[in-house]
Amino acid sequence: MILISPAWLWLLAAAAVPVAVHLLNRKQGKPVLLGTFRFLPEQTFAKARKFELHETFLLIVRIAMICILVLLLAGVMIPAEQEGVQTVMITETEESENPEKTDTGVVEIRVSPQEVDETGWWNLVKQADIDYQPDAIHVAGELTQARFTAGRPAMRAEVMWEHREETEGEIISRVWQSPEGVYSAWFQQRDSTGVRHHIREIPAPEILGDSLAAAGTDTVAYAGILRAVINTDAPEPAAAGLEFATRYWNMDSGSNDEQEQPGELMKISAGEKETVLESIIKPDGTTDFTGANSQAIMEMNITGLDTTAGEGQIILRSGKYRVPVMWRSGDGNFRVNGEIEESMEAWFFAGAGHRVIRESLGTVPALSPSMPEEQLRTERTSQGRAAEIVAGKPAGGRLFLCLLALWALERLLAPRRGM
Amino acid sequence: MSELTKEIASLASGGRLSILARHIVDGFLMGLHRGTRRGTGSEFSQYRSYQPGDDIRLIDWKMYGRSDRYYIREADVETSVTLRLFLDASASMRYAENGYDRFRYASLIIAVLGTLAHRQGDSFALHIVNDREQLLLREGRDTQHLNRFYEMIESAVCDGSWPGSPGWLYESLNSGQRELWVVCSDMLDGLDPWISFVKTAGISGSETHFLQILGADEVNLPEQKMMTVKDPEQRQIRNIRTAAVRNQYQANLEKYLDELKNRVMSEKTSLDLVMMDTPVGTALRHILQRRQLR
C-alpha cells in the first residue's frame, strides 16, 4: 500500500473522537415523548456503569468513516502489477540485435561499438532503465575511457559494470593554476559504479612550461592561467550559469568591460588560447541571449575551438521521456533541442560553459560534474517512488464509495438509536 | 405490508387528509350500515289511506287512478344515523412513530369515517377535544360541511389532556336522533375522565365505539439500551435503561388497559385497540365487520 502523503496519517488520532462522544453521550439522548410515561416504574436500580459503551456498531461505523477519510486524504494507491523485469543485460557485440526477452524476466540487449560511440554508454543504460524499469542492469563491454562519455544520470536500477580493464586508483586528467598560485587538479576515480570525477586543490605538481603537454601515460599537467570573462550584458540566467561553471573549475572569473563585444557571453583564456561563447541565434534569425521555453533549436556559436574533433549527436533513443539535450553539431556549434523550462535555463548555460571550458583545455569531453552519492541515492528512490505513483492506480474512488456508504449507514442508524 | 408502507409514506409525508381519506373509502370499505338514499325510500312496504294532514306529495296517483281514492304509499324508511366523531387533541397524541404522529393517524381514521358517512348521506358531527378547548362542528351532511370537516381536522393543535369533566358534551346531547359515537384517542390520561364520558354517552343512548390508538414502541419499549423520555405535558424528563425497566412498565400498562376495558365496555360500548402500524383501512374493516355481525 503506497501513500502519496503519509503525513496525513497523524489525523488517525481523530478516531478517538467518536469513542469519546459515545462514552459521554450516554445521558443526553434526544428526549422522546412517551404517552405512557406515567407507567414507568420508580427508578430503584443500581446506577449505570461509568464507561458503558452502547451502540458499538454505530461507534465502529463512525471510526471506520474517520479512517477512510484519513486514507483518502493521504492518497492511497494500489501498486501497479508489473511483470517485473529483474535484469537487463547489455552486451557489446559486433552485431546489434533487437532486445529479447527471456522467460525469467531478463532482457538482453546487444549493442554494437558504433552505437556506443554514437550514443554513449550512459545514455544506453538510461534508456534501458526507462524502458524496462528493471531492478539491475548489467553492462558488459569494452569500457574504455574514450567510450565513457556523457553525464551519469540518476537511475532507478542498480548498474553493475563488467569491464575488462580494472583500473584502480585515481587518475589525474588535468591540472591548472589560479592567479594566487593555487593548483587544482581534475581527478577521475573508477569503481564498480562507474567513473567519478572531482576537482580539488593539490600541492604544486611538476610543471612543464606553459603549454599543454602530457607527461606520463596518465598524468597531464597544464600550467598557465585559466581565466574567464563573462559579459555584463548577459541576462541573469546565462550569467549565473556561466559563473557556476567557472567556479567549478576554480577559474578566475571577472566581468571585464573592455573586451566586450555585443553578442559575447563569455570568453575563456587558457594561456594563449581563447575561446568565446557567443550569443544565440534563434531560428527566426533574431538574436537573443536566452532561449527559454522555446521548442526550437538553439544554436550557440563557439569560436576558437578545434572543430575537427566534433562528435555526433548525443541523444536518448526515442523513449517515453523527452529530455532536452545539448550536442555538438557537425559545424562545431552547440545545439540544444527541446523545451527548456525557465528554472533549467541557468543549468543549461552552466552545462554549456562547462563544456566549453573543458574543451578549451583540450580535454576529452567527459562526464559533467557528478552528483554526490547521497543525492544519487535520493534521486533513485524518489524516481522509483515517482514511477510507482505514476504506474499505480489510485484507490481513491473505491474508498470514496465506501465512505459514502458508511455515512448513509450512520445517518440511518443514528436517529433510530437516539444518538 | 406494501399497503402499510404506502400508507405510512403518505401519512409521514403530509399528504392531504381529504385525498387520503377518499382513497381509503373508495378502496375497500363497506358501508357502516345500510344507509338511506336521498329522498324517500323506494322499497314498497304498504299502502295506507290518506288522512288529512298528510303530505300531499306522498299520494300515489296511480292508485288514485285505479281506485278513485287517495292512498299514501309507505316505504321501509331506514333509520338514518348521525355519526358523532370525537378526536382527542391532547398532548399525548403527539407521540410519533415511523415518521408520523398519533394525532395524524387518528385524524385519518376520523376523516375516513366522515367521508364514508358523507358518501352514504348520513349526517355527521365532529368534536376535537382537550381540556383547553373543545371544538365542535355541528351535524351536517352536505359537501360544504365535509370540507369544513377536513379543514377543522387539519388545523387542530394538540395540547393538554382529555377533559376531566364532560360538561362540554351536554349541549350536544339530544335524545331525538339516534347517534353512533366513535372516539379516537390513546385513552392514557387516566381512568376517571373516561368513566364519566362513558356515563354521559349512556345518558344519550348512543352506541359508542372507542378506538384506542397505541404505538408499538409504547407497548413494548424500543430496542435501544438507553432512552431519554419526556412526559407529554413536558414537565419531566427521565433517562431510562429499557432492559431494566421493561417488565415493570409492561405490567403497569397492562393493568391499566385491563381496568380501562372493564370499566368502559358494556352492552352499548366497545373498545378496540389499534396499533399505529396497522393500515387504517384494515383496522377499520375489522372493526366494522365485527360490528355488522352483531
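Residues numbered from 1 in each chain as written. Chains lettered and ligands numbered in written order. Predicted model: local features only at pLDDT ≥ 70, side-chain atom pairs only at ≥ 80, totals over all residues. Heavy atoms only, no water.

A. The overall build of chain B, seen in detail. Broken down by element type, chain B carries 9 helices and 12 strands. Within the span of chain B, comprising 294 residues, buried residues form 50% of the whole. Put simply, 75% of the contacts in chain B that link residues at least 6 apart link residues at least 24 apart. Of the accessible surface of chain B, which amounts to about 14900 Å², a share of 48% is contributed by carbon and sulfur atoms. (Helix = DSSP H or I, 4+ residues; strand = E, 2+ residues; numbered from the N terminus. Buried < 20%, exposed > 50% of the residue type's maximum accessible area, 1.4 Å probe, protein only. Contact = heavy atoms within 4.5 Å. Areas by Shrake-Rupley, 256 points an atom, 1.4 Å probe, with all protein chains shown as cover.)

B. Representation of the nonpolar core in the model. Within the largest apolar cluster, 81 residues are counted, with the highest numbers of intra-cluster contacts made by B:Tyr105, B:Ile109, B:Leu126, B:Phe149, B:Phe197 and B:Phe210. When residues in this core are grouped by element, the largest group, 11 residues, is from helix H4 (residues 102-119) of chain B. Sequence-distant contacts of B:Tyr105, that is, excluding residues within four places in its chain, are made with B:Leu11, B:Tyr100, B:Ile213, B:Val274, B:Met275, B:Met276, B:Thr278, B:Pro279, B:Val280 and B:Ala283. A:Ala228, A:Ala238, A:Ala245 and A:Ile357 belong to the second largest nonpolar core, which has 11 residues in total. (Core = buried A, V, L, I, M, F, W, Y, C linked by side-chain atoms within 4.5 Å.)

C. Looking closely at the sheet that holds strand S11 (residues 237-241) of chain B. Strand order in the open sheet formed by 3 strands is S2(A)-S10(B)-S11(B), with mixed pairing between adjacent strands. Each edge of the open sheet carries a strand with a single partner, namely strand S2 (32-33) of chain A together with S11 of chain B. Here S2(A) runs beside strand S10 (residues 226-230) of chain B; their pairing, made up of 2 bridges, is parallel. Within S10(B), the residue paired with A:Leu33 across the bridge is B:Lys230. Across the face of the sheet, helix H8 (residues 242-264) of chain B comes into contact with S10 and S11 of chain B while running at roughly 100° to S11(B). (Pairing = 2+ DSSP bridges. Axes fitted to C-alpha atoms, helices over the stretch in contact; angles between N-to-C directions.)

D. A look at helix H2 (residues 56-74) of chain A. Here H2(A) contains 19 residues, and its C-alpha end-to-end distance of 27 Å stays within 8% of the 27 Å for a straight helix at 1.5 Å per residue. A:Gly75 occupies a position one or two residues after H2(A) and carries a positive phi of about 75°. (Expected span 1.5 Å × (residues − 1).)

E. Fine view of a nonpolar patch on the surface. Residue and element names in this part refer to chain A. Together, Trp8, Leu11, Leu69 and Leu73 give the surface a local cluster of nonpolar side chains, amounting to about 350 Å² of exposed area. Locating leucine 69 in the fold gives a position in helix H2. By relative accessible area, which is 43% here, leucine 69 ends up partly exposed. (Patch = residues over 30% accessible without salt bridge, like charges linked within 9 Å, V, L, I, M, F, W, Y side chains within 5 Å. Salt bridge = Lys/Arg side-chain N within 4 Å of Asp/Glu carboxyl O.)

F. Focus on the pattern of salt bridges. If you walk through the whole model with that rule in mind, you get 13 salt bridges over all chains. Of the charged contacts in the structure, one is a salt bridge between A:Arg411 and A:Glu410, with a shortest N-O distance of 3.4 Å. Since its relative accessible area comes to 43%, A:Arg411 is described here as partly exposed. The closest approach of N and O atoms between B:Arg138 and B:Glu171, which form a salt bridge, is 3.3 Å. One end of the pair, B:Arg138, is in strand S7 (residues 134-140); the other, B:Glu171, is in the loop between helix H5 (143-154) and strand S8 (179-185), with 33 residues separating them in the sequence. Accessibility expressed as a relative area gives 53% for B:Arg138, which makes it exposed. Ionic contacts of the salt-bridge type, sharing partners, join the residues B:Arg94, B:Asp131, B:Arg132 and B:Asp159 into one network.

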